[in-house]
Each structure stands twice: as structure tokens, then as C-alpha cells.
Amino acid sequence: ESALTTAMVCSGAVSAQFIAGKATRDALYLANLDVTTLPAMVVATAAFSILLVFASSRGLRRISPGAFVPVAFAVSAALLLLSFLLTFVTPALAAQAVYLQISGLGPMLGSGFWLIATERFDPHTAKQHFARIAAVGTLSGLASALVAERVAALYGVAWMLPILAGLNLVCAVMTRRLASVG
């Protein structure tokens, strides 16, 4: 039962950081850059994603997903905090960095969570539990979108970046815990 609870909490945090991250990414980008620059940003994101896949596949040859994924979440948290600080100096550059990070690293982090989750449960148990794990993720994603809207409306979209960093740290801890649950 401990693995199920950990997986559900982890799923909620992973979905929350991803959904709120996408809302923040878009709002920050469109608040600081012209919409006509978006196609070039999408191309840059595709190239960045390819580089991340190569880098992560090399990393995963050396260390297990249970060690790699939590570190990747922690690095993501640090990058979000750096981007937050960058918003005070060059908000357009910060918006581009956040766009690349959320679009390129975000899906890889989510996949990493599910990779660890599939290692934790045998196929029969997984079939019983994955619907609940995904449901918690879905509800958390919805709640995080509402939080992102409120934070942006009350304090400005940049203030979502420390919140996203905190969620990424929760993901780092929870994915590590999930990987070590027997």
C-alpha cells in the first residue's frame, strides 16, 4: 500500500508541475515576446528535445531511472529558480528559457515517473492501481491550472516559477521515494 500512496502523491505532483508549467510557459512567453516568434521557438524546442533525449539516454546507461529522474527534477527546480531571477533582468530571455525547459524537459520528466512506477508494480497490480494513480494526476493537474491562473492574476506570472520549482523538488523527493519502495 505504501508504493500505491507514494505513486499517487508523485503522480499528483508530476501532473501539477507539468500542467501549471505549460500555463506559465505560455503566459510568460506571450507577455514578453511577440506571437510571431513562436514558430521559431517551437523549432528550437524540437531541437532541444532531441538533445535532451540523447543526453538522457547516455545518462540512463550509467545510472538507474530511480537515481536519474529525481536528479533531473532537482535540476529542473534549480533552472526554474534561475529563470525566476532572470525575469527581473531580461524577461524575454527568461521566457525563452522557461519555454525550452517546460516543453523539452517536462515530457521527459513525466515519462521518467511512469518508468519508475511501472518498475514498482507487477503487471497485475499495475492494472489495478494505475487508473487511480492517473486520476490523482488528472485532478492535481486541474487544480494546478487554477492555482497558476490565480497566482498570475494576483502577483504576476513570473511568481509561478518559484512555485513550479517547489513542485519539482516535491517530484524529486517522491520519485526517489517511489524508486526505493519495495
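Numbering of residues starts from 1 in every chain and runs along the sequence as written. Given that the model is predicted, a residue must reach a pLDDT of at least 70 before its local features are reported, and side-chain atom pairs must reach 80 or more before they are shown or counted; all residues, however, enter totals for whole chains, interfaces and linings. Processing note: side-chain calculations cover all non-hydrogen atoms of the structure and skip hydrogens and water entirely.

Description of a nonpolar patch on the surface
- A surface patch of nonpolar side chains, about 1,100 Å² in accessible area, is lined by Val71, Val75, Leu79, Leu82, Leu85, Phe88, Val89, Leu154, Tyr155 and Trp159.
- Of all the secondary-structure elements, those providing two or more residues to the nonpolar patch are helix H3 (65–87) and helix H5 (123–155).
- Comment: elements are numbered from the N terminus, with helices defined as DSSP H or I runs of at least four residues and strands as E runs of at least two. With five residues, H3 is the single largest residue contributor to the nonpolar patch. Residues qualify for a patch when their relative accessible area is over 30% and they have no salt bridge, like charges being joined within 9 Å and the nonpolar side chains of Val, Leu, Ile, Met, Phe, Trp and Tyr within 5 Å. Using a 1.4 Å probe, accessible areas were evaluated by the Shrake-Rupley method; residue-level cover was limited to the displayed protein chains. For salt bridges, the criterion is a side-chain nitrogen of Lys or Arg within 4 Å of an Asp or Glu carboxyl oxygen.

Considerations on the pattern of salt bridges
- The final tally for this structure, using the stated rule, is two salt bridges.
- Arginine 25 serves as the salt-bridge partner of aspartate 26, at 2.7 Å between the closest nitrogen and oxygen.

So, the nonpolar core
- Val14, Phe73, Phe113, Phe121, Phe130, Ile133 and Leu178 are the most contacted members of the largest nonpolar core, which has 26 residues in total.
- For this core, the secondary structure elements donating two or more residues are helix H1 (2–32), H3, helix H4 (91–120), H5 and helix H6 (160–180).
- Top element by residues in this core is H1. It accounts for six residues.
- When residues no more than four places from it in sequence are discounted, the contact partners of phenylalanine 73 are Val14, Gln17, Leu109, Asn168, Cys171, Ala172 and Thr175. Nonpolar cores are built from buried Ala, Val, Leu, Ile, Met, Phe, Trp, Tyr and Cys residues. Side-chain atoms within 4.5 Å join them into one set. Here's how the labels work: a residue is buried when its accessible area is under 20% of the maximum for its type, exposed when over 50%, partly exposed in between, all with a 1.4 Å probe on protein chains only. Only heavy atoms enter the contact rule, under which two residues are in contact if any of them lie within 4.5 Å.

Here's the deal with the packing of aromatic side chains
- Stacked, tilted and edge-to-face are the three classes applied to pairs of Phe, Tyr and Trp rings, where Trp contributes its six-membered ring and a pair requires centres within 6.5 Å; stacked means planes under 30 degrees apart, edge-to-face means over 60, and tilted covers the rest. Tallying each qualifying case throughout the model produces seven aromatic pairs.
- On the numbers, 4.9 Å between centres and 65° between planes, the contact of phenylalanine 113 with tryptophan 114 is edge-to-face.
- Classification of phenylalanine 113 by relative accessible area gives buried; the value is 1%.
- Members of the aromatic cluster, connected to one another through ring pairs, are Phe113, Trp114, Phe121 and Phe130.
- Only when the NZ of Lys or the CZ of Arg is both within 6 Å of the ring centre and within 35 degrees of the ring normal is a charge said to sit over the ring. In this structure, arginine 25 is placed above the aromatic ring of tyrosine 99, and the distance from its NZ or CZ to the ring centre is 4.8 Å.

With respect to the environment of serine 180
- For serine 180, the position within the fold is in helix H6.
- The sequence separation of serine 180 and alanine 3 amounts to 177 residues, and the corresponding C-alpha distance is 9.2 Å.

Quick look at H4
- With 30 residues, H4 should reach 44 Å at 1.5 Å per residue; the first-to-last C-alpha distance of 41 Å fits that figure.
- Axes are fitted to the seven residues ending at a residue and to the seven starting at it; the angle between these axes is taken as the bend at that residue. Helix geometry: H4 is bent most strongly at leucine 105, by close to 35°, with proline proline 107 lying one to four residues after it. Multiplying one less than the number of residues by 1.5 Å gives the expected span of a helix.

Concerning the environment of serine 83
- Take serine 83: it is sitting in helix H3.
- Taking the C-alpha atoms as reference points, serine 83 and alanine 97, 14 residues apart in sequence, are found 6.9 Å from one another.
- Each residue touching serine 83, except ones within four places of it in the same chain, is listed here: Ala94, Ala97, Val98 and Leu161.

Structural notes on the side chain of threonine 24
- Along the chain, the position of threonine 24 falls in helix H1.
- On the basis of relative accessible area, threonine 24 is assigned to the buried category, the value being 1%.
- Those residues in contact with threonine 24 that sit more than four places away from it in its chain are Ala148, Val157, Met160, Leu161 and Leu164.

Quick look at the packing of helix H2 (residues 38–62) against H4
- For helices, the axis comes from a line fit to the C-alpha atoms of the stretch in contact; other axes are also lines fit to C-alpha atoms, and the angle between any two N-to-C directions lies between 0 and 180 degrees. Direction vectors running N to C along H2 and H4 enclose 45°, while the axes themselves pass 9 Å from each other. By the angle between their axes, H2 is oblique relative to H4. When you trace H2 past H4, the crossing you get is right-handed. For the pair formed by H2 and H4, the contact residues are Leu38, Met41, Val42, Ala44, Thr45, Phe48, Ser49, Leu52 and Ser56 on the first element and Gln96, Tyr99, Leu100, Gln101, Ser103, Gly104, Leu105 and Met108 on the second.
- We call Asp, Glu, Lys and Arg charged. Ala, Val, Leu, Ile, Met, Phe, Trp, Tyr, Cys and Pro are nonpolar, and the rest, Gly among them, are polar. The residue inventory of the contact of H2 with H4, partitioned by class, reads ten nonpolar, seven polar and no charged. Any angle from 65 to 115 degrees is called roughly perpendicular, while one under 35 is roughly parallel, one over 145 is roughly antiparallel, and all others are oblique. By convention, the crossing between two helices is left-handed when the near helix turns anticlockwise from the far helix through less than a right angle, and right-handed when the turn is clockwise.

So, the side chain of serine 103
- With respect to the helices and strands, the residue serine 103 is situated in helix H4.
- The term polar contact refers here to a pair of N or O atoms within 3.5 Å; inside protein, the definition further demands a hydrogen-donor-capable atom paired with an acceptor-capable atom, and it admits residues adjacent in sequence only when both atoms are side-chain atoms. A distance of 2.8 Å separates the side chain of serine 103 from the side chain of arginine 25, its partner in a polar contact.
- Filtering out sequence-adjacent residues up to four positions away, serine 103 remains in contact with Arg25, Thr45 and Ser49.

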